[in-house]
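Residue strings, one per chain:
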Amino acid sequence: MLANYREIETVKDVNHLIATRRIITHCAFQDIDFNECCCDIEHCHFQDCLFLGCTFPKDFYLRTTEGCLIFESMDVPYNAFRSQLYNAVSLYDGFDMNTPDPSKTCFDSVVYQRYLEYGKSTTDIKESLARSVHDNSISGALHTLLAKYSPWQVVGVMGGHGLKRTGNMFRQIVLLSKKLTELGSLMVSGGGPGAMEATHLGSWMAGRTLEEVEDALSIVAQAPCISDEKWLQKAFEVMEKYPQHQYESLGIPTWLYGHEPSTPFATHIAKYFDNSIREDGILSIAMGGIIYSPGSAGTLQEIFQEAVQNHYLTYGYSSPMIFLGKHFWEEEVPVYPLMQQMLEAGTYKNLILSITDSAEDVVNEIGYFRQQMKDAEV
């Protein structure tokens, strides 16, 4: 069996590697500025190594043998070889509240404008390659984050992007996400507004009192919709007032829907160009269960994608599908009775279905499933 390349992503790791050996083999150096290395790399010999988006000293000669590949940085406004996920600081770098349209000045907007300029399905081979390399790098960084968690600790929330910050459903999602985060879950969503933002606001407020949560809700409620001019500003206001240093959450947005801002409340943001990778990725990693709040076409698609995944036990076991909002899922969009009917008829198998109006019920259902998974490991 072929061994994976050893990934080297920090100058500290490079220094340690060079200090301990002179012949370096089967390593992948990603986004490394070798100008910052304190060790003498000119005396090292590299065999079967990858150099992805690295920077080297001027007039430097890299001693390599056949099998080494060097991919230089690409002329795009983003780092195609980045080794870390985004966060609010990196994604919204350049966000300036003193300009008429503050979101247009930030990194995220610059990348989106280029995305539109070259086309969502670009025919430019260089642009297409840069996007593919970027998304592959994001997937690598995502796997590094997920390695810290058991699969059943990762819990997803799906729902409409149009959910207002002032609504009761928004508050319910905030509260259940806060509690699940405190109980050890890594909460995951599509990383956008509405139900997705509520997920990450809840995780951001983990460890704080209910009074502080209500205060945060009152702040964001001053700009309840993504069309409001201060939608992002109010989110940053909450983050500044209530900093988060202990708990994590993961948003997985896409520039395909770049007209909708990504929520800055997610501590880790895996933003993709390719939406198909992003959609499948959310469903495949949320093995601790998925909570479905009211939504429209996108949410419905995700329900049936997840049902197929659970039916075939694609990842070894089935995880809970929890529908939040009885009237919506039983009357307005009667998906839940349909799923039950197909499960009883044998059209679907292995589904773990439940429906509720209570955030507490959701937490209990996820907790019960998690305990079952822990017991199975013993």
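Scroll up for the structure.
Read on for a plain summary of the structure. Only a predicted model underlies this, so the values are computations on that prediction, with no experimental measurement involved. (Residues numbered from 1 in each chain as written. Predicted model: local features only at pLDDT ≥ 70, side-chain atom pairs only at ≥ 80, totals over all residues. Heavy atoms only, no water.)

### Some details on the overall build of the chain
Okay, step 1: The helix and strand inventory of the chain stands at 13 helices and 13 strands.
Okay, step 2: Taking 2.2 N^0.38 as the reference for a compact globule, 378 residues should give roughly 21 Å; the C-alpha atoms of the chain span a radius of gyration of 23 Å, in line with that estimate.
Okay, step 3: By principal-axis analysis of the C-alpha atoms, the chain measures approximately 70 × 55 × 45 Å.
Okay, step 4: Within the chain, residue pairs in contact and separated by at least 24 positions form 62% of the contacts whose partners lie at least 6 positions apart. (Helix = DSSP H or I, 4+ residues; strand = E, 2+ residues; numbered from the N terminus. Rg over C-alpha atoms; globule rule 2.2 N^0.38 Å. Contact = heavy atoms within 4.5 Å.)

### A closer look at helix α3 (residues 107-118)
Okay, step 1: Taking 1.5 Å as the rise per residue, α3 with 12 residues should run 16 Å; its terminal C-alpha atoms sit 17 Å apart, in good agreement.
Okay, step 2: Taken residue by residue, α3 has Phe107, Asp108, Ser109, Val111, Tyr112, Arg114 and Tyr115 as its buried positions.
Okay, step 3: Where the residues of α3 are buried, they touch α2 (88-91) and α4 (125-146).
Okay, step 4: Where α3 terminates, the next one or two residues include Gly119, which has phi positive at roughly 100 degrees. (Expected span 1.5 Å × (residues − 1). Buried < 20%, exposed > 50% of the residue type's maximum accessible area, 1.4 Å probe, protein only.)

### Focus: the sheet that holds strand β9 (residues 249-251)
Okay, step 1: Read across the sheet, seven strands follow the order β10-β9-β8-β7-β11-β12-β13 without closing on themselves; strand pairing throughout is parallel. Since the sheet does not close on itself, it has two edges, and those belong to β10 (268-269) and β13 (352-356), each with one partner.
Okay, step 2: Summarising the sheet, strand β7 (residues 154-158) and strand β8 (residues 186-189) pair through three bridges and their orientation is parallel. Considered in β8, the bridge of Val155 is made with Met187. (Pairing = 2+ DSSP bridges.)

### Focus: the side chain of Ser139
Okay, step 1: Mapped onto the elements, Ser139 comes out in helix α4.
Okay, step 2: The residues touching Ser139, leaving out its near neighbours within four places in the chain, are Tyr272 and Ile277.

### With respect to the pattern of salt bridges
Side-chain pairs of opposite charge can arise where the charged atoms are in close proximity.
Okay, step 1: Going through the model one piece at a time under the given rule, you end up with 10 salt bridges.
Okay, step 2: Residues Glu248 and Lys148 are paired through a salt bridge, measuring 2.8 Å at the closest nitrogen-oxygen approach. With Glu248 in the loop between α8 (231-241) and β9 and Lys148 in the loop between α4 and β7, this pair connects stretches of sequence that are 100 residues apart.
Okay, step 3: Overall, Lys148 belongs to the exposed group, its relative accessible area being 53%.
Okay, step 4: Between Glu197 and Arg165 there is a salt bridge, with its nearest N and O atoms 2.5 Å apart. On the criterion of sequence distance, the pair formed by Glu197 in helix α6 (residues 195-204) and Arg165 in the loop between β7 and α5 (168-182) is long-range, its members being 32 residues apart. You'll find Glu197 and Arg165 in the same group, each marked buried.
Okay, step 5: Overlapping salt bridges bring together Arg114, Glu127 and Arg131 as one network. (Salt bridge = Lys/Arg side-chain N within 4 Å of Asp/Glu carboxyl O.)

### With respect to helix α12 (residues 335-345)
Okay, step 1: Along α12, the residues that are buried comprise Val335, Tyr336, Met339 and Met342. On an axial view of α12, the arc spanned by its buried residues comes to 130 degrees, and they lie on one face. Residues of α12 that are exposed and point over 90 degrees away from its buried face: Gln341, Glu344 and Ala345.
Okay, step 2: On the buried face of α12, the contacting elements are α10 (297-311), β12 (320-324), α11 (326-332) and β13.
Okay, step 3: Residue Gly346 follows α12 closely and has a positive phi angle near 90 degrees. (Arc of directions from axis to C-beta.)

### Re the packing of α6 against α8
Okay, step 1: As a packed pair, α6 and α8 sit with axes 11 Å apart at the nearest point and diverge in direction by 15 degrees. Judged by the angle between their axes, α6 and α8 are roughly parallel. Along this stretch, α6 crosses α8, giving a crossing that reads as left-handed. Facing Glu197, Leu201 and Trp204 of α6, the residues of α8 in contact are Trp231, Ala235, Val238 and Met239.
Okay, step 2: Among the residues forming the contact of α6 with α8, the class breakdown is six nonpolar, no polar and one charged. (Axes fitted to C-alpha atoms, helices over the stretch in contact; angles between N-to-C directions. Parallel < 35°, antiparallel > 145°, perpendicular 65-115°, else oblique. Left-handed = near helix turned anticlockwise from the far one by under 90°. Nonpolar A, V, L, I, M, F, W, Y, C, P; charged D, E, K, R; others polar.)

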